Each structure stands twice: as C-alpha cells, then as structure tokens.
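# Geometric and topological summary
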Amino acid sequence: DGLFVIPARGGLEHKVAEFVRSYWTLRNPIRRLDWMPDSRHVVVSGADRASGLKRLVLVDTTSGKQTTLTNPQTRPNAELYGDAEPAVSPDGRAVAFTRGTLSGQTLHLLTLSGDMRPAGEPREMAVGRRSRSPAWAPDGREIVFLLGSHLARIPLADGATPRELLALGTDIMTPTVSQTGRLAFSRSTHDTNIWRQEVPAG
C-alpha cells in the first residue's frame, strides 16, 4: 500500500511511503490517515513487515522519513487489526485511534510532544463497548466516535463517560467534524430481497 501526495488543483502524484498490504485493510471502509496541522506530516495506519500488525506512523511528505508512533502487542488470536483510524487533534498534540481485534476495537489516545513524538504510552478511553472512528471537536476538548452502532461524544478528562447521540440513528460510519462544528457522516444501508426464477425443464 502506498502513501501518495498530489496537488489539490491536480497534477502528478508523488509516492512518499509504502506499507505492507493487508487483507483486512481492503475489506474495511475506514479512515487510514490524517494530516498534522503543519500540512507537511501525515499520521498513517500501516502494517509493518515484521509482525504484519498495523501501527501508527508519522510520515514526512517532503522527505519520506517515517517515525513509528505506536507498537501494538502481538498476542495469539488478538490485535487482528492493530492500530487504525488515526485522528489528529486540532493543535497536533494528540492522536485518537482505535486498537484491537476485528470485533473488539477500543478507543485510545496518544499524547504527542512538541516535536511530534510519543509522550508516553497510549491510554484506553473507558467507554465500555466497541468503539471506533474518532473525530475531534473543533476546540479539541472532546471526541465524537462510534460506540456500537451509534454516534457518541466524550470529553478528554480522565474518568469521563460518553454521551450517545441516539437521535442520529444507527448504522453510522466515518464521522467527521468541520472547524465550525458541523457534523458529517456516512450511513450503511442494506436491502435484501427474495426473488423467484423460473427454471426451464431439462
């Protein structure tokens, strides 16, 4: 899998990084990267060649230099996804992301130092159920994310509990929040039918 940069007005793309291709990456419609506020660095979820687990990597799109931000632990039948869905805070001092197995992802928060390096280990945010697809509020004080099949929001304070946004319904995917606080998201729908087909004799 390659990380490419292309001018917003069009032009030639430029490959700046490459990662191991992952079967699970192809099967899941999730956000796989996010810009840092300097518009030069990108946080990418990419598999590493040694373990095959996805981890978060900071990529300098000018030089191609890569800095590993997270290292999910390898355990039998666990951490199938590794670390995914990075969302950089508005000030660039934290990255929210999901970690875990195919059906047991949990929301984590990694604090960054001023030079964009990890300031300690990621901490799991206590939300109690499967949680994924984080997006930051414009003021950087809370995170909107998927809790089960509903959207929810949670402040950054230790011990904070999430508040579900039940009025928005279910089957929601990939939320994002604008700088003015407007929320956009996708909704996954399925329509299953039973059909009858005449089968000719012979």
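Each value, and the rule that gives it
Residues numbered from 1 in each chain as written. Predicted model: local features only at pLDDT ≥ 70, side-chain atom pairs only at ≥ 80, totals over all residues. Heavy atoms only, no water. Core = buried A, V, L, I, M, F, W, Y, C linked by side-chain atoms within 4.5 Å. Buried < 20%, exposed > 50% of the residue type's maximum accessible area, 1.4 Å probe, protein only. Helix = DSSP H or I, 4+ residues; strand = E, 2+ residues; numbered from the N terminus. Contact = heavy atoms within 4.5 Å. Pairing = 2+ DSSP bridges. 1 Å grid on protein atoms, 1.4 Å probe; cavity = no way out; pocket = protein on both sides within 12 Å on 5 of 7 lines; lining within 4 Å. Points joined across faces, edges and corners; volume = space filled by probe spheres on them. Nonpolar A, V, L, I, M, F, W, Y, C, P; charged D, E, K, R; others polar.

By size, the foremost hydrophobic cluster in this structure holds 14 residues, and its most contacted members are Leu109, Met125, Trp136, Ile143, Phe145 and Ile154. Among the elements of the structure, strand 8 (94–100), strand 9 (106–111), strand 12 (142–147) and strand 13 (150–155) are those that each provide at least two residues to this core. Apart from the residues within four sequence positions on either side, Phe145 is in contact with Leu107, Val127, Ser131, Arg132, Ser133, Pro134, His150, Leu151, Ala152, Arg153, Ile154 and Pro162.

Bringing unusual backbone geometry into the picture now. Positioned with a positive phi, Ser39 is a non-glycine residue whose angle comes to about 60 degrees. By the element assignment, Ser39 lies in the loop between strand 3 (33–35) and strand 4 (41–47). Here Asp171, not a glycine, exhibits a phi torsion of approximately 60 degrees, which is positive.

Our next topic: the pairing of strand 9. Of all six residues making up strand 9, five are buried, and the element is well covered by its neighbours. Pairing between strand 8 and strand 9: six bridges, direction antiparallel. Within strand 9, the residue paired with Arg99 across the bridge is Thr106. In the sheet, strand 9 pairs with strand 10 (residues 123–124) via two bridges, with the strands oriented antiparallel. Counterpart to His108 in the pairing with strand 10 is Glu124.

Okay, the sheet that holds strand 11 (residues 131–136) next. Sheet architecture is open: four strands sit in the order 11-12-13-14, paired in antiparallel fashion. Both outer strands of the open sheet, strand 11 and strand 14 (163–164), are each paired with one neighbouring strand and no more. The pairing of strand 11 with strand 12 spans four bridges and is classified as antiparallel. In the sheet register, Trp136 faces strand 12, and the bridge partner there is Ile143.

So, about the layout of surface pockets. In this structure, the largest pocket occupies an estimated 470 Å³ of space. Contributing to the lining of the largest pocket are 20 residues, with Asp34, Val88, Pro90, Trp136 and Val177 lying nearest its centre. By residue class, the composition of the lining of the largest pocket is 14 nonpolar, four polar and two charged.

Turning our eyes to something else, we now look at the environment of Ile172. Relative to the assigned elements, Ile172 resides in strand 15 (residues 172–177). Under the relative-accessibility criterion, Ile172 is labelled buried at 2%. Considering only alpha carbons, one finds Ile172 and Arg187, 15 residues apart in sequence, at a separation of 4.5 Å. In contact with Ile172, not counting residues within four places along its chain, are Leu146, Ser149, Leu151, Phe185, Ser186 and Arg187.

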